[in-house]
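A look at the structure
Each chain is listed here by its residues.
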Amino acid sequence: MNRNADMERSSLWRNVRLATLREDLGPLGIVEKGAVAVCGDRIVYAGAEGDLPSELSSADQVIDCDGRWMTPALIDCHTHLVHGGNRAREFQLRLEGATYEEIARAGGGIVSTVKATNALSVEELVAAALPRLDALLMEGVSTVEIKSGYGLNIDAELKMLRAARQLERLRPVRIVTSYLAAHATPPEYKGRNADYLGDVVLPGLVQAHAEGLVDAVDGFCEGIAFSPAEITRVFDKAKALGLPVKLHAEQLSNLGGAKLAASYGALSADHLEYLDADGAAAMAKSGTVAVLLPGAFYTLRETQLPPIEVLRTAGTRIAIATDCNPGTSPLTSLLLTMNMSATLFRLTLEECLAGVTREAARALGILDETGTIEAGKSADLALWNIETPAELIYRIGFNPLSERIFKVERIAR
């Protein structure tokens, strides 16, 4: 069959319980005794099987789901998946009583990851990232955001982004890239953030954009990283290039980063443990999604919880993500991330599941494409062996995925 004919092939999932995540259908957008019809790789119907148009009932491929639950495929909207090395030795040293400062003086911390990342080729970075990516895909993930930020020079930042793009060619997954050269200041620029921005971050962004490597621009606004004024320089360049922005903000202190991000119409502001009511209100007004990262909170043994009630009161959208990275969140399970979000942050069932589907898509600016089960969207779906959606969040270390569907391609676990 030629490609054009294959793209028009029809598929029907019937006898399925749907958690569509459509907001107009109530909590989780549930449809009992549902059906999903697909033409090519686009959903053309999602709803009650009894209301299925007759012309869609005799599809080329009909799958009886035996009453299983189907959700949108999951989305990990904040990761640092591409990097070299690991920090397991530092983890051991911390358990043995070493302080962060002692580890840093011994060449550890982000400097060690930068060194390990710079030492690898694009192909080696891809090989290192694939097991982490595969772990996410095995849990029903269809879309993964990947940041640069461990190169801290132009060539290495571009190398990380090229590796991220290559992953999409090796696996059935959608990769969204973020340029994060404003992540930390390398040792040779210590005390000279402005020079680093001018020499590396801004020209590197222009080059990455010219190569089509960047979907969004990120930064780390914190006392140990970059000030709001410095982030403004980065965001102004992103705006000039027509690129959306996002920001690591209010993780360790409140510098007003989230409010700054909102003023640029940012897709998201992430971490947010020290966010205040003004920042939450600004985010709600601009549509900037709050991306919460319980893996980092857990690993760092933080005690400052993100202000969940403040976010709810403001009406700020909430997403959650693994923050997969070698130092503060070596986490490659979005299912565990949901459990952590419920247990540590007291998010509700709906907030957790929406946070890795609909709101995660919103945080990446791709809600028109994926994140809910409804007509017109990509057929990115996950079929689960569960009795109730709560099982996806309640269980720890258990993966009930039956099948992952990405752009209609069925991928068995």
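Basis of the calculations
- Residues numbered from 1 in each chain as written.
- Predicted model: local features only at pLDDT ≥ 70, side-chain atom pairs only at ≥ 80, totals over all residues.
- Heavy atoms only, no water.
- UniProt positions renumbered as here; feature names shortened; annotations may be inferred.
- Helix = DSSP H or I, 4+ residues; strand = E, 2+ residues; numbered from the N terminus.
- Contact = heavy atoms within 4.5 Å.
- Buried < 20%, exposed > 50% of the residue type's maximum accessible area, 1.4 Å probe, protein only.
- Polar contact = N/O pair within 3.5 Å; in protein donor to acceptor, adjacent residues only side chain to side chain.
- Pairing = 2+ DSSP bridges.
- Axes fitted to C-alpha atoms, helices over the stretch in contact; angles between N-to-C directions.
- Parallel < 35°, antiparallel > 145°, perpendicular 65-115°, else oblique.
- Left-handed = near helix turned anticlockwise from the far one by under 90°.
- Nonpolar A, V, L, I, M, F, W, Y, C, P; charged D, E, K, R; others polar.
- Salt bridge = Lys/Arg side-chain N within 4 Å of Asp/Glu carboxyl O.

The protein chain is annotated in an unreviewed UniProt entry as Imidazolonepropionase of Sinorhizobium fredii. Word for word, the UniProt comment on the protein chain under Pathway (unreviewed entry) is "Amino-acid degradation; L-histidine degradation into L-glutamate; N-formimidoyl-L-glutamate from L-histidine: step 3/3."

Moving on to the environment of Pro 389. Tracing the sequence through the fold places Pro 389 in the loop between strand S14 (381-384) and helix H16 (391-394). Separated by 320 residues in the primary sequence, Pro 389 and Trp 69 place their C-alpha atoms 7.5 Å from one another. Those residues in contact with Pro 389, other than ones at most four positions away along the chain, are Leu 28, Trp 69, Leu 349 and Leu 353.

This brings us to the UniProt feature "binding site: Zn(2+)" (unreviewed entry) in the protein chain. In the numbering used here, UniProt assigns the "binding site: Zn(2+)" (unreviewed entry) feature to His 78, His 80, His 248 and Asp 323. Spatially, the listed residues are clustered: although they cover 246 residues, their C-alpha atoms lie within 12.4 Å of one another. Structurally, His 80 is set in the loop between strand S6 (74-76) and helix H2 (88-95). With a relative accessible area of 3%, His 80 lands in the buried category. The residues touching His 80, leaving out its near neighbours within four places in the chain, are Lys 147, Ser 148, Tyr 150, Leu 180, His 183, His 248, Asp 323, Cys 324 and Asn 325. In this fold, His 248 is placed in strand S10 (residues 246-249). Not counting chain neighbours up to four residues away, the residues in contact with His 248 comprise His 78, His 80, Lys 147, Leu 180, Asp 218, Gly 219, Phe 220, Cys 221, Asp 270 and His 271. A polar atom in the side chain of His 248 sits 3.3 Å from the side chain of Asp 218.

Okay, the pairing of strand S8 (residues 174-182) next. For S8, the tally of buried residues reaches 9 of 9 residues, placing the bulk of the element in the interior. With 5 bridges joining them, strand S7 (residues 141-147) and S8 adopt parallel strand pairing. Across the sheet, residue Thr 143 finds its bridge partner in S8, namely Arg 174. In this sheet, strand S9 (residues 216-221) lies alongside S8 in parallel orientation, the contact comprising 3 bridges. Across the sheet, residue Ala 182 finds its bridge partner in S9, namely Gly 219.

Bringing the packing of helix H5 (residues 122-137) against helix H6 (residues 154-170) into the picture now. Two numbers describe a pair of packed helices, the interaxial angle and the distance between the axes. The N-to-C vectors of H5 and H6 enclose an angle of 55°; their axes lie 9 Å apart at closest approach. Regarding the angle of H5 to H6, the classification is oblique. The crossing of H5 and H6 is right-handed. Seen from H5, the contacting residues are Val 122, Leu 125, Val 126, Ala 129, Leu 130 and Leu 133; seen from H6, they are Lys 159, Met 160, Arg 162, Ala 163, Gln 166, Leu 167 and Leu 170. Residues that form the contact of H5 with H6 fall into these classes: 10 nonpolar, 1 polar and 2 charged.

This part is about the sheet that holds S6. Spatially, S6-S7-S8-S9-S10-S11-S12-S13 is the arrangement adopted by the 8 strands of the open sheet, whose pairing is parallel. The outermost strands of the open sheet, each flanked by one partner alone, are S6 and strand S13 (318-320). Recorded for the sheet is a direction-independent mean angle of 25° between the axes of neighbouring strands. Of the strands in this sheet, S8, S9 and S10 are in contact with helix H8 (residues 228-240), which crosses S9 at around 175°.

The phi angle at Leu 21 is positive, at roughly 65°, despite the residue not being glycine. Considering the arrangement of structural elements, one finds Leu 21 in the loop between strand S1 (10-19) and strand S2 (30-39). A relative accessible area of 0% means that Leu 21 is categorised as buried. Positioned with a positive phi, Val 408 is a non-glycine residue whose angle comes to about 75°. The topology assignment puts Val 408 in the loop between strand S15 (401-406) and strand S16 (409-412).

This structure, assessed with the given rule, holds 28 salt bridges. Note that Lys 246 and Glu 145 form a salt bridge whose closest N and O atoms lie 3.5 Å from each other. Remark: Glu 145 occurs in strand S7 and Lys 246 occurs in strand S10; sequence separation between them is 101 residues. Across the pair, Glu 145 and Lys 246 agree in class, each one buried. Between Glu 403 and Arg 410 there is a salt bridge, with its nearest N and O atoms 3.0 Å apart. Judged by its relative accessible area of 9%, Glu 403 falls in the buried class. Members of the salt-bridge network, linked through shared partners, are Glu 23, Arg 317, Arg 358, Glu 359 and Arg 362.

The sites that UniProt annotates as "binding site: N-formimidoyl-L-glutamate" (unreviewed entry) are Tyr 150, Asn 325 and Gly 327. What stands out for the annotated residues spanning 178 residues is how close their C-alpha atoms remain, the widest pair being 11.4 Å apart. Tracing the sequence through the fold places Tyr 150 in the loop between S7 and H6. Relative to the helices and strands, Gly 327 resides in the loop between S13 and helix H13 (334-345).

This next bit is on the packing of helix H7 (residues 193-210) against H8. Packing of H7 against H8 leaves a shortest axis separation of 11 Å and a crossing angle of 20°. On the basis of their axis angle, the class for H7 and H8 is roughly parallel. In this structure, the crossing between H7 and H8 has a hand that is right-handed. Contacts between H7 and H8 involve Asn 193, Ala 194, Leu 197, Gly 198, Val 201, Leu 202, Leu 205 and Val 206 on the former and, on the latter, Glu 230, Arg 233, Val 234, Lys 237 and Ala 238. The residue makeup of the contact of H7 with H8, split by class, is 8 nonpolar, 2 polar and 3 charged.

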